[in-house]
Structures are given as structure tokens and as C-alpha cells.
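Report on the structure
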Amino acid sequence: MTLDRFAPAIFVFLWSTGWIIAKYAALHSEPFSFLTIRYALSAVAFCAICVAIRAKWPSGALAWRAVYSGAFLHGFYLGGVWWAVAHGVPAGISGIVAAMQPLLTALAASVLIGERLRPSQTAGLALGFVGIAVAISPKLMQPGASDLLHAGIPLAVNLVAMFAVTYGTIYQKKHLQDGDLTAIATLQYLGALALTAPFALAFETFRFDGTFETYAALAWSVLGISVGGIALLLYLIRRGQVSRAASLIYLCPPTVAVQALIAFGEPLTPPLIVGTVIVAAGVYLTNRKAPRAVKA
């Protein structure tokens, strides 16, 4: 089918626009305030889908696990990324940091669930960290201690967000193998909302300028990314093509970098380009399937 062929690439494109929306939304709203509204609308949208398809809702421990995983997969993850972008991390660099997720997942899986890493995967992990160091080196080498501090803290928060989504991914793989995926997605957004709303109330003023551009960004965040991206992911899962989507994730950093160039004029500097290539190589090595042994 045509959709089978193009769905993974469309998913990567939709997902990569999240960093552009994060930086654009920062011009019109505060990050946690925007995400609170986005999560609430996303939960409502998925709930409507559940009602329409008569999805079976999980109960008991499974429901709480869905809420808990959502706090990490969406709450800590996007909250950290959006806060970092709003505080000066370029969207292109944040996209490169995001490419570390499969590398961190492979490393966490070896520690938490006993999956052994092949030598090529170990090399991929090392390359990934080197690539990020190369890409962000100009940001960290700005003169002045205050510049270094202002650059380092948001970058550190961005990295912590990657660890949060890595943990959430491992947790979901381990504890959420059963249940309707649409209903689980609804509960996950409620978990993210329960985490993000207190941050918005405690540290922000719910600034939302209400311009057409702001509502357009919100609509794309909910319909294009939260619903459209997740719906495509669910489609890929049902068609048995999750591995194809995972194999295309290395396209996310260059896609974000090109979009940031077009939308905000963020330059494609040599360190950014070289770092992207190195991270892509690291992700490829980490996710490449082991060669099959040839039988004599």
C-alpha cells in the first residue's frame, strides 16, 4: 500500500516539526502553559477517538501505569525540551540531542533489562556522544562564564529530558504490552497534564497572546503532532512496521536543522553539519540488525 511505503517518513517529518513549534510557541506563550493547553486538548481528542471506536479502557494497575508512563514520555520529556528551547537552545541542536534517545534506550536496556550490546552498538553509543559534543561545541565555547552558564543549564535540561523519555520508553515496553493503544495514549496525556499543569501554575503566568499564529501553532501541535503523529505510529504498529520508523529516526536532526534554517534563519554551521552526520552514524550502528550467521 502507498501509505505503508510513506508512513514512516511522514511520521518522522511530523515529529521533527515539534522543535520548530517549540521555538515558535516560545515567542507567544510560556512553555509549560502552552503544553498544559496542548495536553488537555490532546487528551480530549484521543478520548473522542476512543468513544468513536468504542475502545476498551484499561483498569486498575494498567491504567495507573499508563498515566505514570505519560508523565515521562510527554511531561518530563517535552517539558524539558520546550523549556530548553525557550531558554536559548537552538532548535537544530535540540533536534540532535533528541537523536540520542535510541542510543540511550539501547544503553538503558542493557542495564535495566539485561540486553547485551554488540561491539557495533557500543561504538554507536560513543559516536552519538561525540557527535553531540561537536554540534554543541560552539554554544559552549562562547566567551564569558555567564554565557557558558546560560548555555549549559538549558542544554543539561534538554539532556535530562532525553533520559526521561528513555526511561518512559523502557517502562512502556516492560509494563504496557497489553491494552488498547488509543485508550493508553489518552491516559498518558492525562499523566503529562498532571505533571505540567503544576509547573505552569507555580512558575508561569499562563501567558498566551491569543494571536492567529499562536492558535495555528497550538492546532498543529494537537492535530498534527499529538494526534497525527501518534495515529501514524499506531498504524505502523498495527502494520508491523515499527522497525522502519525507528530506522528513519536518524533523519530527524537534519530535518529539524533545515526547518530551523527556513523558519528562524538558524545557520547550518560546519560543527552542526558534522555533528549531525556523526550522530546519524551512531544511531545507525546502534539500531543496525546483527548479521545472521551463515550455516555451513
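All of these numbers come straight from a predicted model, not from anything done at the bench. (Residues numbered from 1 in each chain as written. Predicted model: local features only at pLDDT ≥ 70, side-chain atom pairs only at ≥ 80, totals over all residues. Heavy atoms only, no water.)

What about the packing of aromatic side chains?
Filter applied, for reference: Paired rings are identified among Phe, Tyr and Trp, the last through its six-membered ring, by centres lying within 6.5 Å, and are further divided according to the angle between planes into stacked (under 30 degrees), edge-to-face (over 60) and tilted (the rest). Secondary structure elements follow DSSP: runs of H or I of four or more residues count as helices, runs of E of two or more count as strands, with numbering from the N terminus. Buried residues are those whose accessible area, probed at 1.4 Å on protein chains only, stays under 20% of the maximum for their type, while exposed residues exceed 50% and partly exposed ones sit between those limits.
As enumerated under the stated definition, the model contains 14 aromatic pairs in all. Relative to Y189, the ring of Y39 lies with its centre 6.1 Å away and its plane at 40°, an arrangement referred to as tilted. On the criterion of sequence distance, the pair formed by Y39 in helix α2 (residues 31-53) and Y189 in helix α8 (residues 181-203) is long-range, its members being 150 residues apart. Exposure remark for Y39: the relative accessible area of 0% places this residue in the buried category. Take Y189: its relative accessible area is 2%, and that puts it in the buried class. Following the ring pairs from residue to residue traces out a cluster consisting of Y68, F72, F76, Y167 and Y171.

Examining helix α4 (residues 91-98)
The element α4 is extensively covered by neighbouring structure, given that eight of its eight residues are classed as buried. Taken residue by residue, α4 has A91, G92, I93, S94, G95, I96, V97 and A98 as its buried positions.

Comments concerning a nonpolar patch on the surface
As a reminder of what qualifies: Patches draw on residues past 30% relative accessible area with no salt bridge. Two like charges within 9 Å are joined, as are two nonpolar side chains (Val, Leu, Ile, Met, Phe, Trp, Tyr) within 5 Å. Only the protein chains shown count as covering a residue, and every accessible area follows the Shrake-Rupley method with a 1.4 Å probe. We define a salt bridge as a contact between a side-chain nitrogen of Lys or Arg and a carboxyl oxygen of Asp or Glu at a distance within 4 Å.
On the surface, V258, L261, I262, L268, I273 and V277 cluster together into a nonpolar patch covering about 530 Å² of accessible area. Where the nonpolar patch is concerned, the elements lending two or more residues are α11 (252-264) and α12 (270-287). Of all the elements, α11 adds the most residues to the nonpolar patch, at three residues. Here V277 shows up in helix α12. Taking the relative accessible area as the measure of exposure, V277 reaches 53% and is therefore exposed.

As for empty space enclosed by the protein
Applicable threshold: Here a cavity is any set of points on a 1 Å grid over the protein atoms alone where a 1.4 Å probe fits but cannot get out, and a pocket is any open set with protein on both sides within 12 Å along at least 5 of 7 lines; a residue lines the site when it has an atom within 4 Å of a point. Grid points are joined across faces, edges and corners, and a volume is the space filled by probe spheres set on the points. Under the grouping applied here, Gly and all other residues not named as nonpolar or charged are polar, the nonpolar ones being Ala, Val, Leu, Ile, Met, Phe, Trp, Tyr, Cys and Pro and the charged ones Asp, Glu, Lys and Arg.
Per the stated rule, a full pass over the model turns up one cavity of 30 Å³ or more. Looking at the largest cavity, its volume works out to about 130 Å³. Forming the walls of the largest cavity are 13 residues, and the residues nearest its centre are W15, G18, R38, Y77 and L78. Where the lining of the largest cavity is concerned, the elements lending two or more residues are α1 (2-26), α3 (61-86) and α9 (212-238). Broken down by element, the lining of the largest cavity gets its largest block of residues, five residues, from α3. Its residues assigned to classes, the lining of the largest cavity shows nine nonpolar, three polar and one charged.

Digging into the side chain of E204
As a reminder, the rule being used: For the purpose of charge, His is not counted, nor are the chain termini; Lys and Arg are scored as positive and Asp and Glu as negative. The term polar contact refers here to a pair of N or O atoms within 3.5 Å; inside protein, the definition further demands a hydrogen-donor-capable atom paired with an acceptor-capable atom, and it admits residues adjacent in sequence only when both atoms are side-chain atoms. Contact criterion: two residues are considered in contact whenever any of their non-hydrogen atoms come within 4.5 Å of each other.
Counting through the fold element by element, E204 comes out in the loop between α8 and α9. Despite being buried, E204 has no salt bridge partner; R207 is the closest side chain of opposite charge, sitting 8.2 Å away. Engagement of the side chain of E204 in a polar contact is seen with the backbone nitrogen of F32, the distance being 3.0 Å. Excluding its chain neighbours within four sequence positions, the residues that come into contact with E204 are E30, P31, F32, S33 and F199.

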